[in-house]
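Chain by chain, the residues run as shown.
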Amino acid sequence: MKTIIITGAGRGIGRATALAFLDAGWAVGLIGRDVPALEETAKGYEGALVLGCDVSEEQAVDRAFGAACDRWGHLDALFNNAGIMLKGALIDEIAVQDWRDLIDINLTGSFICARAAFRQMRKQLPQGGRIINNGSISAHAPRWGSVAYTASKHAITGLTKTLSLDGRPFDIACSQIDIGNALTDMARTMTTGMPQADGSIKAEAVMDVTHVAQAVLNMATLPLEVNVQFMTLMASKMPFVGRG
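Note that the structure is predicted; figures quoted are calculated from it, not measured. (Residues numbered from 1 in each chain as written. Predicted model: local features only at pLDDT ≥ 70, side-chain atom pairs only at ≥ 80, totals over all residues. Heavy atoms only, no water.)

Visitor: Is there a simple way to think about the overall build of the protein chain in this case?
Guide: Regarding its fold elements, the protein chain presents six helices and eleven strands. Taking 2.2 N^0.38 as the reference for a compact globule, 244 residues should give roughly 18 Å; the C-alpha atoms of the protein chain span a radius of gyration of 17 Å, in line with that estimate. Its C-alpha atoms put the protein chain at 55 × 35 × 35 Å along the principal axes. For the protein chain, buried positions account for 50% of its 244 residues. Surface accessibility of the protein chain: about 11,700 Å² in total, with carbon and sulfur atoms responsible for 54%. (Helix = DSSP H or I, 4+ residues; strand = E, 2+ residues; numbered from the N terminus. Rg over C-alpha atoms; globule rule 2.2 N^0.38 Å. Buried < 20%, exposed > 50% of the residue type's maximum accessible area, 1.4 Å probe, protein only. Areas by Shrake-Rupley, 256 points an atom, 1.4 Å probe, with all protein chains shown as cover.)

And the structure:
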């Protein structure tokens, strides 16, 4: 049986992706801070394993990965998905602690989980696996007032590239999916109005989150000699190329 750990699996993109993998017959480890939400994702699936933890806490992540790998014996994939956003604001209006809290989840959490996955994939026999990082359109172009989120997602691109290079000798592939306007609870305000670069407020086009889930599943099922290095998946009519 193929195995994957998905972070931020209690809602939104993480939940939709977990359900896609479970429906495809994978064993799925569900990581997140909201255990009842993880249990809701897991409901009715024998292949689901609830692993409640905060991705920014190294020891908790190591315990979660250890529990999953003790049960499965190997790890095929990680979807590094957990992330948070701040309310839009200019840099001098953002508290340093809010910056640190976001970086702890979006970047340090991704590093800690990738570290745990890489360690397992390097030591298991046969070696190898796939790490898929959730980037964002913000890994390419910022929204107004998104300095912390945008900086974290640009850094995810550096993480992806480095893991792709360092993982080559061990058959560890690393991919990044840059997602634009998937309709989740966190993104619902996009349908009513978002600040634009010209100062206006406009509703934006969105796409069903199941498209993201299927894209991640397709990336994960490729043989390890093939890698989707970067994929941009977005609502066709959302502002991206013309954001500025």
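Back to the write-up after that little detour.
Visitor: What's the story with the pairing of strand β3 (residues 48-52) in this structure? I'm lost.
Guide: A regular strand places its side chains on the two faces of the sheet in alternate fashion. Examined bridge by bridge, strand β2 (residues 27-32) and β3 share five bridges and lie parallel to one another. Of the residues in β3, the one forming a bridge with I31 is L51. Crossover connection from β2 via helix α2 (residues 35-42) to parallel β3: handedness right-handed. (Pairing = 2+ DSSP bridges. Right-handed = clockwise from strand over helix to strand, strands pointing away.)

Visitor: Looking at this model, I keep getting lost on the pattern of salt bridges. Mind explaining?
Guide: Close approach of charged atoms allows side chains with opposite charge to pair. Scanning all chains against the criterion turns up five salt bridges. Taking the shortest distance from any N to any O, the salt bridge between K43 and E40 comes out at 3.1 Å. Given a relative accessible area of 56%, K43 falls into the exposed group. On the basis of relative accessible area, E40 is assigned to the partly exposed category, the value being 41%. The partner of R119 in a salt bridge is D62, and the shortest N-O contact between them spans 3.5 Å. Of this pair, R119 sits in helix α4 (residues 96-123) while D62 sits in helix α3 (residues 58-72), placing them 57 residues apart in sequence. The class of D62 is partly exposed, set by a relative accessible area of 27%. (Salt bridge = Lys/Arg side-chain N within 4 Å of Asp/Glu carboxyl O.)

Visitor: Whenever I open this one, the packing of aromatic side chains confuses me. Can you help?
Guide: Describing an aromatic ring pair means giving the distance of the ring centres and the angle of the ring planes. For the structure on display, the rule yields two aromatic pairs. Relative to W26, the ring of F21 has its centre 4.8 Å away and its plane inclined at 90 degrees; by these criteria the two rings are edge-to-face. The exposure class of F21 is buried, given its relative accessible area of 0%. Between F118 and F170, the ring centres sit 6.0 Å apart and the planes meet at 80 degrees, which makes this aromatic pair edge-to-face. Taken together, the residues F118 in helix α4 and F170 in the loop between α5 (147-166) and β6 (172-180) connect sequence positions 52 residues apart. One cation-aromatic arrangement involves R122 over F170; the distance from NZ or CZ to the ring centre is 5.2 Å. (Phe/Tyr/Trp six-rings, centres within 6.5 Å; stacked < 30°, edge-to-face > 60°. Lys NZ or Arg CZ within 6 Å of the ring centre and 35° of its normal.)

Visitor: Would you explain the environment of V206 in this entry?
Guide: Mapped onto the elements of the fold, V206 is located in the loop between β9 (201-202) and β10 (207-208). Overall, V206 belongs to the partly exposed group, its relative accessible area being 28%. In this structure, the C-alpha to C-alpha distance between V206 and A173, residues 33 residues apart in sequence, is 30 Å.

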